[in-house]
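Descriptive structure summary
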Amino acid sequence: MRFSDPLSAHVRVDGAHQKSLKRLNIETVGSLLYHLPARYEDITDVQSVGGLEKGQEAVVYGQLSGLKTRKAWKSRKPIAEGMVEDGSAKMKIMWFNQPYIAKMYTDGMYVKLAGKVAGSEGKLYLSNPEVEPLDSLPVDRHDSLFVGTDANLDDTLYPIYRETKGVTSRWLYHTALKLFEQGALKALIDPIPKEILNKYNLPDLPSALVFAHSPKKAKDAEAARKRFAFEEVFYIQIQKAQERAAVSAAQTYTIVTGKDHLAAFTDRFPFDLTGSQANSINEILKDFGSNHAMSRLLEGDVGSGKTAVAATTAYAVATSRPPEGMKSGGEGAGLSAIDYGALQIAYMAPTEILAKQHFESFIEYFHHLPIQIGLITGSGCMKFPSKTDPTKPTKISKKQLTDWIRNGEVPIVIGTHALIYKSVEFKHLAYVIIDEQHRFGTNQRKKLAKKDARIPHLLSMTATPIPRTLALTIYGDLDITLLDEMPKGRKPVKTTIVGPGQSKAMYEHVESELTNGRQAYVICPRIDEPDPTKENALNMKSVIAEAKRLKKDVFQNWTIATLHGKMTPAEKDKVMKDFSEHKIDILCATSVIEVGVSVANATNIIIEGAERFGLAQLHQLRGRVIRGTHQAHCFAVTESKSDKTRNRLKALATAKNGFELAEHDLQFRGGGELYGGKQSGLSDLGMEAIRNLKLVEAARTEAKHLVAKHPNLARDFPLIHEKVIHLGAVLHME
Ligand code: ADP
Ligand code: MG
């Protein structure tokens, strides 16, 4: 048996079943065995319904029945109730003050319940249990698989797998065991070199698979998880190290800029650069001066002044000439005539609004110089300066602009994705700046650069605070610069946590701000009416419903508009424009405003359902209101009464910057919840690994060594090579 064998060659699977398995990406023997348990349950934690006693905190698995809602006999308060049965007995369940529970679940559902046993002898019930729906009961506790087979078992763990309709956790478990029995682990070669495993005390592949799927001890399961986590991060690091090596090997534009030359540009700023900004600029210029193309990520909170860094470094490039022999010829007038034949810069933004904002900022920074700036978006092109009025930009045709980009006449081009369309071709593209799309940076550089041209330097900028371990992994091919200092005199946002029943004071405050001429954002977690079948849906305020409610009950005298992801780009643009022109007082939005929108007069932000967001995300949302000179306020509203939630949110008021909050999120909520497997390309296990700095650094070090020592990885380590290729295919699919 080989890992690449189709599963159906060894296990009976019919067509429907096969389809279901495919949803879990399980098609081969190997992919089934690599579908690792998401977690383990300790059988000793699980009680049988029949054995429960009053006062016990119980966890039971069973099937629901008889769900209904009624009013309490005396208090008339709503109660949801039902029964749970697990084969040993049947017991009543009651949820007080949560009438919607009965509608969220259905009779016949398999669930895990965790709650307290209350009532009196003979009339016991499970009180307010938490419900976790299951596709089936994970493993039948009453088949004697785990119980009493081995007196030496100090733990009695059983694995719980991620399931899908038609594929149960139980089936996955039994199939893994069956494949082991049939010899799946014989002749299995471990792709990870033995020295590395030994060095970090990791189990080899066959042991790790057995440990993962049927651990005898918690320690074994732990060791297996560590090994697979290492393996996943290791392959990613190999890929990043290879990308880095490829960039290093390629020819680039070497740009050398004198101090005075640069000072002539920055001295004109109406402010002094922060220490962080000056450092970042120096680091970038140092990279420019070397023979290898830069690949750098610039991370800084909203308002930390990334644009000034982008503009200054773009200036260094736009005033540099292509190397001898590559000149377009004719000009030769020395550095004073920098309008023709200079190196070029492409600056990409994720949205049209942002591209326009950058275009306007760049005009501010460059208007005194003979350096032309182009703007290219889906809805048209602009150029600065206009021929007729050199103080203003002008609309031009796409054909005209792309011609000027092609012959090198326009050195700075700002735009959206429209920039990577085929018709935009640069003469000497030396520098690519990418705003808020760090994930795509490397790919976009490839797309922007001409084939067999020199490879441009890359600066990827983001306000998304990322924990260090995650950055090292998913941006492992980039050097990282932090902009962790805010410009002087910027007042931090005053943040208030607003609990149940405390919204009156908040609304009064916002009302007074509106009266003083300010504007406000209200952020809600959902767009439409809540879907009552979804857990917690009833507590979520929707953008549309909330806007209506605010207009009717709270802010009758003010103009309220909505902004959310289901609107077309044109609709969004219109609303944003109206908001920035103060035709709208209150903007009720989903978290789509998270990226880049800047309205200086909007100094208040109310975030509903704050507990649903990560702290780093809340921090970014709050960053929307620190642009102006007025004191800004953020209200994080939560209906949650839990101390844990309130305490977590309190970190918002005390943290020094976004990075601190990102680390906080990672430790307390786990990475997966925040950055999502899809977004980062990491599995749940990989996200878990990200919590472990030592593991990430080990994987990174080993990967670097291996790539440096074995440039021909395909020949020397074909198994690793294959895994890395596969990784690339998965990551570039989206
Ligand atoms: P970011 O892109 O990092 O969110 P911007 O570059 O847009 O931040 O800068 C935000 C605002 O701060 C802009 O109005 C800019 O002119 C201003 N700014 C940038 N650097 C400084 C500084 N060192 N001192 C004062 N103001 C600054
Ligand atoms: Mg910015």
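Residues numbered from 1 in each chain as written. Chains lettered and ligands numbered in written order. Predicted model: local features only at pLDDT ≥ 70, side-chain atom pairs only at ≥ 80, totals over all residues. Heavy atoms only, no water.

**Some remarks on the packing of helix α9 (residues 275-289) against helix α10 (residues 306-318)**
Axis separation between α9 and α10 bottoms out at 10 Å; the angle between their running directions is 30°. When the interaxial angle is binned, α9 and α10 end up roughly parallel. With respect to the hand of their crossing, α9 and α10 are arranged in right-handed fashion. Touching Q277, S280, I281, I284, L285 and F288 of α9 are A308, V309, T312, T313, A316 and V317, all from α10. (Axes fitted to C-alpha atoms, helices over the stretch in contact; angles between N-to-C directions. Helix = DSSP H or I, 4+ residues; strand = E, 2+ residues; numbered from the N terminus. Parallel < 35°, antiparallel > 145°, perpendicular 65-115°, else oblique. Left-handed = near helix turned anticlockwise from the far one by under 90°. Contact = heavy atoms within 4.5 Å.)

**Quick notes on the site of ligand 1**
Taken together, 16 residues are adjacent to ligand 1, and D272, Q277, G303, K306 and T307 come closest. G305 places a main-chain nitrogen or oxygen 3.1 Å from an oxygen atom of ligand 1. Interatomic distance of 2.9 Å between a backbone N/O atom of T307 and an oxygen atom of ligand 1. Protein contacts shield 75% of the accessible area of ligand 1, which totals 560 Å² for the unbound molecule. Looking at the shell around ligand 1, the element that brings in the most residues is α10, giving 3 residues. Among the residues forming the shell around ligand 1, the class breakdown is 5 nonpolar, 6 polar and 5 charged. (Near = heavy atom within 4 Å. Polar contact = N/O pair within 3.5 Å; in protein donor to acceptor, adjacent residues only side chain to side chain. Areas by Shrake-Rupley, 256 points an atom, 1.4 Å probe, with all protein chains shown as cover. Nonpolar A, V, L, I, M, F, W, Y, C, P; charged D, E, K, R; others polar.)

**Thoughts on the sheet that holds strand β19 (residues 560-563)**
Reading across the sheet, the 6 strands line up as β17-β22-β21-β18-β20-β19 and stay open at both edges, with parallel pairing between neighbours. Sheet topology places β17 (494-498) and β19 at the edges, where each strand pairs with a single neighbour. The sheet shows a mean angle of 20° between the axes of neighbouring strands, taken without regard to direction. Two elements, β17 and strand β22 (residues 633-637), share 5 bridges in a ladder whose sense is parallel. Within β22, the residue paired with T496 across the bridge is F635. Each of β18 (519-523), β19, β20 (586-589) and β21 (602-607) touches helix α17 (residues 569-580); the most contacted strand, β19, lies at about 140° to it. (Pairing = 2+ DSSP bridges.)

**Looking at the packing of helix α18 (residues 615-622) against helix α19 (residues 643-654)**
With their axes 10 Å apart at the nearest point, α18 and α19 run at an angle of 45° to one another. In terms of their interaxial angle, α18 and α19 are classed as oblique. Crossing geometry of α18 relative to α19 is assigned as right-handed. Contacts from L615, L618, H619 and R622 of α18 reach α19 at R648, L649, A651, L652 and A653. Partitioning the contact of α18 with α19 into residue classes produces 6 nonpolar, 1 polar and 2 charged.

**A look at the confidence of the model for the protein chain**
Detailed conclusions should not be drawn from predicted coordinates in areas where pLDDT is low. Confidence in the prediction for the protein chain averages 84 pLDDT; 87% of positions are at 70 or higher. For the protein chain, per-element mean pLDDT is lowest for helix α21 (residues 671-675), which scores 48, and highest for α10, which scores 97. Note that pLDDT drops below 50 for residues 671-678; the model gives that stretch 19 contacts with residues more than four away or on any other chain. (pLDDT = per-residue confidence, 0-100.)

**Considering the side chain of K240**
With respect to the helices and strands, the residue K240 is situated in helix α7 (residues 218-249). We note that K240 is buried and unpaired, the nearest opposite charge coming from D477 at a distance of 4.1 Å. When sequence neighbours within four positions are dropped, the list of residues in contact with K240 reads T473, I474, G476 and D477. (Buried < 20%, exposed > 50% of the residue type's maximum accessible area, 1.4 Å probe, protein only. Lys, Arg positive; Asp, Glu negative; His and termini not counted. Salt bridge = Lys/Arg side-chain N within 4 Å of Asp/Glu carboxyl O.)

**Some points on unusual backbone geometry**
Here the residue pair F384 and P385 is connected by a cis peptide bond, since its omega of -5° sits within 30 degrees of zero. Mapped onto the elements of the fold, P385 is located in the loop between β11 (380-384) and β12 (394-396). The phi torsion at N128 lies on the positive side, around 45°, for a residue other than glycine. Position of N128 among the secondary structure elements: in strand β6 (residues 123-134). In this structure N128 comes out as partly exposed when scored by relative accessible area, which is 34%. If you check the backbone angles, A187 has positive phi at about 60° while not being a glycine. Tracing the backbone through its elements, the reader meets A187 in the loop between α4 (169-181) and α5 (194-199).

**Points about the nonpolar core**
Judged by nonpolar contacts, the single largest core of 87 residues is most densely connected at L33 and F234. With 11 residues, the single largest contributor to this core is α7. Each residue touching F234, except ones within four places of it in the same chain, is listed here: I192, I196, A699, E702, A703, L706 and I720. F269, A349, L369 and Y431 belong to the second largest nonpolar core, which has 44 residues in total. (Core = buried A, V, L, I, M, F, W, Y, C linked by side-chain atoms within 4.5 Å.)

**Considerations on the packing of aromatic side chains**
Taken as a whole, this structure holds 15 aromatic pairs when the rule is applied. Where F230 meets F234, the ring centres are 5.6 Å apart and the plane angle is 15°; that geometry is what we call stacked. Here F234 and F230 lie together in helix α7, a separation of 4 residues that amounts to about one turn. Taken together, the aromatic side chains of F265, F269, F271, Y315, Y347, F362, Y365 and F366 make up a single cluster linked through ring pairs. A cation over an aromatic ring shows up here: R454 above the ring of Y253, its NZ or CZ 5.7 Å from the ring centre. The ring centre of Y34 lies 4.4 Å from the NZ or CZ of K723, which sits over that ring. (Phe/Tyr/Trp six-rings, centres within 6.5 Å; stacked < 30°, edge-to-face > 60°. Lys NZ or Arg CZ within 6 Å of the ring centre and 35° of its normal.)

**Some thoughts on the pairing of strand β14 (residues 429-435)**
When a strand is regular, its side chains alternate between the sheet's two faces. The buried fraction of β14 amounts to 7 of the 7 residues, a majority that puts the element mostly inside the structure. Where strand β9 (residues 344-348) meets β14, 5 bridges bridge the pair, whose relative direction is parallel. Across the sheet, M348 pairs through a bridge with I434, a residue of β14. Pairing geometry for β14 and strand β15 (residues 457-462), over 5 bridges, is parallel. If you follow I434 over to β15, its bridge partner there is S460.

**As for the pairing of strand β10 (residues 373-377)**
For β10, the tally of buried residues reaches 5 of 5 residues, placing the bulk of the element in the interior. Both faces of β10 are covered, namely the face carrying I373, L375 and T377 and the face carrying G374 and I376. Sheet topology note: the β10/β11 ladder contains 5 bridges and is antiparallel. Its bridge partner being in β11, L375 is matched across the sheet by M382. With antiparallel pairing between neighbouring strands as the criterion, β10 and β11 make up a hairpin whose turn holds 2 residues. The pairing of β10 with strand β13 (residues 412-415) spans 4 bridges and is classified as parallel. Among the inter-strand pairings, I376 is bridged to a residue of β13, identified as G415.

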